[in-house]
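Observations on chain architecture
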Amino acid sequence: MAGLLDKAKEFVSEKVANVPKPEATIDNVDLQGISCDGITYAAKVSVDNPYSHSIPICEISYSLKSADREIASGTIPDPGSLKGKDKTVMDVPVKVAHSVLMSLARDIGADWDIDYQIDLGFAIDLPIVGSYTIPLSRKGEIKLPSLRDCWK
């Protein structure tokens, strides 16, 4: 009886592992806006949904790092859903305080940009599988706004 139960568990876990899952990529990270509180960057993310129906996104978590230290992190609860059998493009806003940017002066002073790593997690609720997080990561450079950008 135990052997039959083990075979059933193995069969179910194999089928669940082969269930198609949405795939995502970070296309770009760019300046979105400047305010008195700080600078907001936007990570443009494309998510392909293999299912014919929409899938709700439960939460998006983000972490922005520069010079091996975290400069911004947070979560965005209930940001919407993924369109069925389609690509959904989303902007994930990441706000960085001016005081944090000043502490990165050595990196910024050399070339007026921030070398970054952004980590995102899209928590979605898949049929049969349940809660699933799509992990994303990207490294690159973010150009800082000049004074000219402030008056555009």
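Being a predicted model, the structure only gives us computed values, none of them experimental.

The rules behind these values
Sequence positions are assigned chain by chain, starting from 1 and proceeding in written order. Per-residue local features of the predicted model are confined to residues with pLDDT of at least 70, and side-chain atom pairs are confined, for both listing and counting, to 80 or more; whole-chain, interface and lining totals are unaffected and use all residues. Water and hydrogen atoms were dropped before computing side-chain values, which therefore reflect all heavy atoms in the structure. Each helix is a run of DSSP H or I of at least 4 residues and each strand a run of E of at least 2, with the numbering of both proceeding from the N terminus. Partly exposed describes any residue whose relative accessible area lies between the buried limit of under 20% and the exposed limit of over 50%, with all areas from a 1.4 Å probe on protein chains only and scaled to the type maximum. Any two residues whose heavy atoms approach within 4.5 Å at even a single point are treated as in contact. A pair of strands counts as paired when DSSP detects no fewer than two bridges linking them. Note on geometry: axes are C-alpha line fits, over the in-contact stretch for helices, and angles between N-to-C directions span 0 to 180 degrees. By convention, a stacked pair of Phe, Tyr or Trp rings (six-membered ring in the case of Trp) has centres within 6.5 Å and planes under 30 degrees apart, an edge-to-face pair has planes over 60 apart, and any other such pair is tilted. By the criterion adopted, a ring carries a charge over it if an Arg CZ or a Lys NZ lies within 6 Å of its centre and within 35 degrees of its normal. The predictor attaches a confidence to each residue, and that confidence, scored 0 to 100, is pLDDT.

Topic: the environment of Lys 87
With respect to the helices and strands, Lys 87 occurs in strand β5 (residues 87-97). Overall, Lys 87 belongs to the partly exposed group, its relative accessible area being 44%. Filtering out sequence-adjacent residues up to four positions away, Lys 87 remains in contact with Ser 46, Val 47 and Asp 48.

A word on the sheet that holds strand β1 (residues 23-34)
Read across the open sheet, the three strands follow the order β1-β2-β5; overall the sheet is antiparallel. Each edge of the open sheet is held by one strand with a lone partner, namely β1 and β5. Across the sheet, the mean angle from the axis of one strand to that of its neighbour is 20°, orientation sign disregarded.

Here we look at the pairing of strand β6 (residues 113-126)
Counted residue by residue, β6 has 10 buried out of 14 residues, so it is predominantly covered. Summarising the sheet, β6 and strand β7 (residues 130-143) pair through 14 bridges and their orientation is antiparallel. Bridging from a neighbouring strand, Asp 113 pairs with Lys 143 of β7. Two successive antiparallel strands, β6 and β7, enclose a turn made up of three residues, where Ile 128 displays a positive phi of approximately 70°.

Side note on the environment of Val 29
The topology assignment puts Val 29 in strand β1. Val 29 sits in the buried class, given a relative accessible area of 8%. In this structure the C-alpha to C-alpha distance between Val 29 and Asp 91, which are 62 residues apart in sequence, comes to 9.1 Å. Apart from the residues within four sequence positions on either side, Val 29 is in contact with Tyr 41, Ala 42, Ala 43, Tyr 116, Ile 118 and Ile 142.

Here's the deal with the packing of aromatic side chains
Across all of its chains, the model carries zero aromatic pairs by this definition. Above the plane of the ring of Tyr 132 lies Lys 21, whose end atom (NZ or CZ) is 5.8 Å from the centre.

Considerations on the confidence of the model for the protein chain
When pLDDT is averaged along the protein chain, the result is 83; 80% of the residues meet or exceed 70. Ranking the elements of the protein chain by mean pLDDT puts helix α4 (residues 147-150) last, at 60, and strand β3 (residues 55-66) first, at 94.

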